[in-house]
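# Chains, contacts and geometry: an overview
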Amino acid sequence: MNSNEYHQQHLPEDDEIDLVELWHAIWSGKLLIIAISGLFAISSIIYAINQPNIYKATTLLAPASEQGGASGLSKMAGQFGGLASLAGINLGGGGTDKTGLALEVLKSRVFLEKFINKHQLLVPLMAAKNWNAKTNRLIFNDDIYNTTTKTWVREVKAPKQPQPSSWKAYKAFKDILAVATNKETGMITLTIEHYSPEIATQWLLWLVSDINAAMREQDKAEAQRSIDYLSTKLQETQLADMQTVFYQLIEQQTKTIMLAEVSLEYVLKTIDPANAPEEKAKPKRALIVVLGTMLGGILSVLIVLVRYFSNKDNKGNNKDDINHSNSANQVAEPISGSTTAAQVSAKVTSK
């Protein structure tokens, strides 16, 4: 006899799965299942209704065409690098990815903290809890911010302050900001989520404008420093060829400054500008209700099955106790009977 046959012959009946019994257990507890599932469904409906609408503003951007700047300086370095090295000047040979750099700057803590402070976004970012579509006004959480006195009233433990820190504001803004780049086309999609579609759209417009301005000012400052450096070297050299190189490099950097001055969309060019969305992005109320009801149904079925088989085990244990007590009584009856007979015979003899 192999092990499989042994287990099949000695398998307890209680270990076998009886689908009919499972269905009977579920059917017997149908009222409890309906009650719990209904409770979860009602709770999920209330929860979904009370969730505020979140709107998502989106803009589509494209990398601006390369303008002078680093690319022009790289070309000059390739053309006059040998002559410049004679004068001890390293012009460099590698260009930089302006678009990638701009996106990293846009997501950086320093830039976002300056952006929040510049446009005074702390209150609508950290204290808003909903939006009134009729009045087009934000609804603020009174436990966090007092709109009458315009003061922060949230309760925090020392050394924290009622007013959220710049780090908290940066984390909150980064949670509602999303940056996605299409690797095939190079297009960039920026999205901001907020209770108010108007505010989300305005913040997105400010964000694109500010990142272009920041990169433009950075390149202008670098070009001006290059001009100052090249002008100093021009005064130090007496070689006509080197002077020609310096003049052309200064001309290139001057062109960079000029292009930066006239280019509003210096790094990121807007293809599809942000517009206030009319439809909410979340919450998905129908999905919340469906998932809540399913969770209640699964939980109620588990409760019914656990109760059913627990009661079954208790009944089995009670039956075993009754059988043991009956067996003990049956064994005790002959003994008690013999004792009674002996007592009777003793009484008769004494008489």
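The following refers to the structure shown. (Residues numbered from 1 in each chain as written. Predicted model: local features only at pLDDT ≥ 70, side-chain atom pairs only at ≥ 80, totals over all residues. Heavy atoms only, no water.)

This brings us to unusual backbone geometry. Going from A158 to P159, the amide bond is cis rather than trans, its omega being 10°. On the secondary structure map, P159 appears in the loop between β5 (151-152) and α8 (166-176). Between K282 and the following residue, P283, the backbone shows a cis peptide bond with an omega angle of 10°. Along the chain, P283 turns up in the loop between β8 (268-272) and α11 (285-350). Even without being a glycine, Q120 presents a positive backbone phi close to 55°. Its location among the elements puts Q120 in the loop between α6 (109-119) and α7 (122-126). The residue N136 is not glycine, and still its phi comes out positive at about 55°. In this structure, N136 sits in the loop between β2 (128-132) and β3 (137-140). When its relative accessible area of 42% is taken as the criterion, N136 is described as partly exposed. (Helix = DSSP H or I, 4+ residues; strand = E, 2+ residues; numbered from the N terminus. Buried < 20%, exposed > 50% of the residue type's maximum accessible area, 1.4 Å probe, protein only.)

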